[in-house]
Each structure stands twice: as structure tokens, then as C-alpha cells.
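Overview (structure and organization)
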Amino acid sequence: MNQPLRLLLADDHEVTRTGFISMLAGSPGFEVVGQARDGQEALDLCDRLKPDIAILDIRMPVLNGLGAARILQQRQPEVKVIIFTMDDSPDHLEAAIGAGAVGYLLKDASRDEVLDALKRVAQGEEALNSSVSARLLRRMAERGANGATQVQALTARERQVLGLVAGGFSNREIGEKLGIAPGTAKAHVERVIGKLGAADRTQAAVRGVALGLVAQPAGQWP
């Protein structure tokens, strides 16, 4: 039997921590092994408890979530970070990605959205709020985020995959839409990221839009 994912939750509001834990009730695949009230306490608990995923609020005393994420990325890069916040600003999402976070969830997310995000992050994928991501992608595309990186030509299949990545679909969902195995979809995504000289899926989507390789995803851009 697979062991449950070990989660650490950091938020300075007890009611938020209690509500999040209640949200996971009945989901045996997850276990909250520690709770922190600030970023420094979160780092100390991560050192001791070795969680799989750290879920951090942005606004916390002593050390905020972005600072904690940045330090955690240096100390324990194997711990995946999800920012869990009320801030729907593209600036905060961009800062979170820069700090090493692979997930960005708003606190009004549904239980299904939270569980899906946890599963995607555990599988090595990103889980970024789609509406905030769309606004960030548009802004970065408009300011020419492609930079001076040499871009290799994409095959027709890779352009399909890039379009789905820009639409916010996971590797599993890309596989389903294209009728290929999730592992094959993942390999395509990795080749696209490499050919575009991108650091991750988000940057690949930005460069794809900026270079005109894909259209802005319908229904996801305000």
C-alpha cells in the first residue's frame, strides 16, 4: 500500500489551518504532519519532519511564504512548495515561481481543486491557478518574454503539445486529448521545453505565445 503524502501547512491563521485539514478529511492519500504559524517555523519543521509538500501562505510574520520557499529550495529541494493564498496578483505568482514554488492555489479553491493540485505536484507537475496564470502569461508575452534564446523548430505534434501546455493541461490530460500515453506526453513536453530554451512549462507557454507558435488559449485570457 502506498504511503500517504506528507504535508506541512504554514499559515498564521489557525482557522485556515483547521479548515484545510478538515478539507482533507476522508482522503487517505494525504497526511498533515506539521503545522506552522510563520515561515521560520515552517523551515524548522521541514528540517525535522521531511514532508513531501510544504503548503505556505504568502503573508506570515517573521518570514513570509516567498522567503521561506526560497530558503527551502536551497536547503531541501526535494520538498515541493505550494503557495496557498488570497493574493490573486500576477506579481505574486511570478514571485512564487521565482522562489521555486510549483503550485499556486487561491484560498477559495474547491476541495476537488486542492486535491487535484496536490496530486499533480506529487507527480512532478505544476499546479498553478489558471486565471492568475493566464494574466501573467499575457503580461509576460506582451513585454517580450522570449528574450534572446535561440529557439529550435517544433514539429507539428510538439506545437499541439505546446498549445495544450499553454492551455494549462496536465501531462495526463494532454495524453487523453492526443490519444497517447501520459509518459509519451511527458516526453513531448520535456522536448518542447528544451527546444524553446525554457526553464519550465510556464516559461515554455510564455515563449510559445510571444513567438506566435500558439494562440492565446480560448476562454482563459481575460
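Check the entry above for the structure.
What you are looking at is a predicted structure, and each value in this text was computed from that prediction instead of being measured.

Here the focus is the pattern of salt bridges. Going through the model one piece at a time under the given rule, you end up with 10 salt bridges. Across the pair Arg191 and Glu158 runs a salt bridge, and its minimum N-O distance is 3.6 Å. You can see Arg191 sitting in helix α9 (residues 182–195) and its partner Glu158 sitting in helix α7 (residues 156–166), a full 33 residues away along the chain. With a relative accessible area of 41%, Arg191 lands in the partly exposed category. Here the salt bridges share partners, and the residues they tie into one network are Asp11, Asp57 and Lys107.

Our focus in this paragraph is the sheet that holds strand β6 (residues 127–128). Across the sheet, which stays open at both edges, the six strands sit in the order β2-β1-β3-β4-β5-β6 with parallel pairing between neighbours. In the strand order of this sheet, the two ends are held by β2 (30–36) and β6, each with one partner. In the sheet, strand β1 (residues 5–10) pairs with β2 via six bridges, with the strands oriented parallel. Residue pairing for β2: Leu9 is matched across the bridge by Gln35. Where helix α2 (residues 39–49) meets the sheet, it contacts β1, β2 and β3 (53–56), and its direction lies at approximately 135° from that of β2.

Using a relative accessible area of 4% as the deciding quantity, one classes Glu158 as buried. Ignoring sequence-local partners within four residues, the contact set of Glu158 consists of Ala153, Arg191, Val192 and Lys195.

About the criteria used
Residues numbered from 1 in each chain as written. Predicted model: local features only at pLDDT ≥ 70, side-chain atom pairs only at ≥ 80, totals over all residues. Heavy atoms only, no water. Salt bridge = Lys/Arg side-chain N within 4 Å of Asp/Glu carboxyl O. Helix = DSSP H or I, 4+ residues; strand = E, 2+ residues; numbered from the N terminus. Buried < 20%, exposed > 50% of the residue type's maximum accessible area, 1.4 Å probe, protein only. Pairing = 2+ DSSP bridges. Contact = heavy atoms within 4.5 Å. Axes fitted to C-alpha atoms, helices over the stretch in contact; angles between N-to-C directions.

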